[in-house]
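# Working through the structure, step by step
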Amino acid sequence: MIKVQNLVKIFGTKRAVDGVSFEVERGEVLGFLGPNGAGKSTSMRMITGFIPPTEGSVTVGGFNMVEKPISAKRLIGYLPENAPAYTDMTVSGFLNFSAELRGLRGDARKKAVARVIEMCFLESVQHQSVETLSKGYRHRTCFAQSIIHDPDVLVLDEPTDGLDPNQKHEIRNLIRRMGEKKAIIFSTHILEEVDAVCSRAIIIDRGRIVANGTPSELRQKSEWAGAVTLRVIGVNGGAVSQKLSQLSTVKRATILKEDATGVTARVFPKENVNGALAHSIADAAHGWRIEELHTEEGRLDDVFRAITMPDTAEEKN
Amino acid sequence: MNAFANIKTITKRELVAYFASPLAYVILVIFLLLCSGFTFFVQSGAGTYFGRGDASLTTFFMWHPWFYLFLVPAVGMRLWAEERRVGTFELLMTMPITAWQAIVGKFLASWIFLGLALLLTVPLWITTNYLGNPDNGVIFAAYLGSWLMAGSYLAISCIMSAITRSQVVSFILALVACLVLIFCGFPPVIDFLSQGFLGSFASHPWFVNAVASMSVMTHFEGFQKGVLDSRDLIYFLSVIVFSLFTTSVILRGHRAG
């Protein structure tokens, strides 16, 4: 549905977006990650046709955004950063206005407005002026605007920013449910969200894509991925690390915590061990009282930091 | 068909937005107070409404270029400045409409609002008919001219509103730009150009004429006399079209970054 090819945006001398390419198909939810100022919002603005790309092309549903902007925009629902809405209108007035611009008239419009008011839990504020809404409600109002025409493509710039945990949960569920039938791109810097919602994630840093894969693929890149955490009772740390380092599968074992009751250790596997580590530890641990033994999946925030930190360090130098 | 529907939707929203804020009522009340005050009580070159001794609205229309100088920038200042400040500009420009439809829709809404302000002065017209026998054709032409002049000021205010995110800056810039349009036809300025230290222009009357013909004053004069000159019509309409075009160029510039 969305095809982005070699997208470049230059502001003055700064390459805000530098050769970004990817595709999103129907039924996919793509998470767009990156540190602040990485080019997420700029990319999304180009995808939705708000700003023209310096180079490259965006195609939505077969329509080129520069050549056929109206046809392409018709397919997109967009929630801009900070969820802007006309403050001088009521919630339902604003939604009716959006529906009309989307070409919905008469009964179709009324139905669409009623549907999104229900979906986004806006019943209680629908006659209230946008100006008087709390941030969470305003956010949901703008979100409601983006799905009012039941678009095939949704582009959401930080859809859960500034919401409380309950509201975040609601919006995530909504995105996940809609992701079954639509192509969705959403940006965030909350990594747990990627796990909760995305079928695929892209990490972008300084205008370039630095990682692209499913959340579990990305986790594999963590140095922790495949490591085993072990807690045993009634042994001392020296004995544990000595025994573990003798195993053929172990590259390195570190003691994380040692106290009166027991020892917690993290064991890193050698290459090509592939999940056999926990077994070999369990076999070797005769006579130990094992309280905990599990293989780490790797954590996204470590991957995120590992990928995006070196560059920021460079910039400081 | 679609274009008209989109323009209508935007015009409707803007009109509703005007009346949702106190600004609209303040502007209407001030305009009406100014109109009645100046028409009846202020002594001018043309006398006062009652002192002139003929049934006409000359003393009403002659002040319009000056009233509009303050009121029209106030009507137009929020059009784009507010949109960009709040961020709804991004929302609007990613809707399936063209920038032109948005520009025309917003302009029309404000122009209709100004027309409404003008319409509220119709009791003056009725009063004049009650008191005497004015030439209603002249008055109608003057109303039309006044509305066109308001449209020109408004289109210039659109440009200034597109330039900045601040409504105050937009108001001041629009006021100055409209003042220039008034002054270039003002007799002292014309005299200054042809006789002052720039007196050399006296030998180039085309220049003096060119400056004078840029003025709203000279073009509004015809309408006040009841003369519907195509040149005056073309002048006002071309100021509007040119200004809206400039607005579109500026807005495109903001998007291109």
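Presented here is a report on the structure given in the accompanying data block. (Residues numbered from 1 in each chain as written. Chains lettered and ligands numbered in written order. Predicted model: local features only at pLDDT ≥ 70, side-chain atom pairs only at ≥ 80, totals over all residues.)

### Focus on the overall build of chain B
We count it as follows: Numbering goes from the N terminus for both helices and strands, where a helix is a DSSP run of H or I of at least four residues and a strand is a run of E of at least two. We take the radius of gyration over the C-alpha atoms and set the globule estimate at 2.2 Å times the residue count to the 0.38 power. Counting other C-beta atoms within 10 Å of each residue's C-beta, where C-beta atoms are placed from the backbone, gives the exposure class: buried for 20 or more, exposed for 12 or fewer, partly exposed between. The contact rule is simple: place each C-beta atom from the backbone, and if two of them lie within 7 Å, those residues are in contact.
Regarding its fold elements, chain B presents 14 helices and zero strands. Ordered by position from the N terminus, the helices and strands of chain B form the series α-α-α-α-α-α-α-α-α-α-α-α-α-α. In terms of overall dimensions, chain B is globule-like: its C-alpha atoms have a radius of gyration of 20 Å, near the 18 Å expected for 257 residues. Projected onto its principal axes, the C-alpha coordinates of chain B cover approximately 60 × 50 × 35 Å. Burial analysis of chain B (257 residues in total) assigns 40% to the buried set. The contacts in chain B between residues at least 6 apart in sequence include a share of 78% that link residues at least 24 apart.

### Considerations on the nonpolar core
Heads up, the rule is: A set of buried Ala, Val, Leu, Ile, Met, Phe, Trp, Tyr and Cys residues, joined to one another through C-beta atoms within 7 Å, is what we call a nonpolar core.
Of all hydrophobic cores here, the largest spans 138 residues; its most connected members are A:I185 and B:L154. The greatest single-element share of this core, amounting to 16 residues, is contributed by helix α9 (residues 136–163) of chain B. Counting residues in hydrophobic clusters, the runner-up holds 14 residues, among them A:V232, A:V250, A:L277 and A:W288.

### Considering the packing of helix α3 (residues 91–101) of chain A against helix α4 (residues 106–119) of chain A
Helix packing geometry: the angle between the two helix axes and the distance between the axes. All names here are of chain A. This is how the line gets drawn: Note on geometry: axes are C-alpha line fits, over the in-contact stretch for helices, and angles between N-to-C directions span 0 to 180 degrees. Here roughly perpendicular refers to angles of 65 to 115 degrees, roughly parallel to angles under 35, roughly antiparallel to angles over 145, and oblique to all remaining angles. Take the far helix as the reference: if the near one is turned anticlockwise from it by less than a right angle, the crossing is left-handed, and if turned clockwise, right-handed. Put simply, Ala, Val, Leu, Ile, Met, Phe, Trp, Tyr, Cys and Pro go in the nonpolar bin, Asp, Glu, Lys and Arg in the charged bin, and everything else, Gly too, in the polar bin.
At a closest axis distance of 10 Å, the pairing of α3 and α4 adopts a crossing angle of 130°. When the axis of α3 is compared with that of α4, the two are oblique. When the axes of α3 and α4 are compared, the crossing they make is right-handed. When α3 is examined against α4, the residues S92, L95, N96, A99 and E100 are found in contact with a partner set consisting of R109, A112, V113, V116 and I117. In terms of residue class, the contact of α3 with α4 is built from six nonpolar, two polar and two charged.

### Focus: the interface of chain B and chain A
Counting residues at the interface gives 20 residues for chain B, matched by 22 residues for chain A. Contributions of two or more residues to the side of chain B that touches chain A are made by α1 (2–20), α6 (88–93) and α14 (230–256) of chain B. Residues belonging to the side of chain B that touches chain A are distributed by class as follows: nine nonpolar, eight polar and three charged.

### Digging into unusual backbone geometry
Peptide bonds are mostly trans, and most non-glycine residues show a negative phi. Residue and element names in this part refer to chain A. Backbone geometry at N6 places phi at a positive 45°, although glycine is not the residue there. Among the residues examined, N6 registers 12 C-beta atoms within 10 Å and is labelled exposed. The residue R206 is not glycine, and still its phi comes out positive at about 45°. Relative to the assigned elements, R206 resides in the loop between β9 (200–205) and β10 (208–213).

### What about the packing of helix α7 (residues 99–119) of chain B against α9(B)?
All names here are of chain B. Packing of α7 against α9 leaves a shortest axis separation of 10 Å and a crossing angle of 140°. The two elements α7 and α9 cross, and the hand of that crossing is right-handed. Residue-level inspection shows F107, S110, W111, L114, G115 and L118 of α7 in contact with α9, the latter providing Y143, S146, W147, A150, G151, L154, A155 and C158.

### Topic: the environment of A:K68
Residue and element names in this part refer to chain A. On the secondary structure map, K68 appears in the loop between β5 (63–64) and α2 (69–74). According to the C-beta neighbour criterion, K68 is partly exposed, with 16 such atoms within 10 Å. Between the C-alpha atoms of K68 and D157, which are 89 residues apart in sequence, the distance is 23 Å.

None of the figures reported here should be taken as evidence of function without further support.
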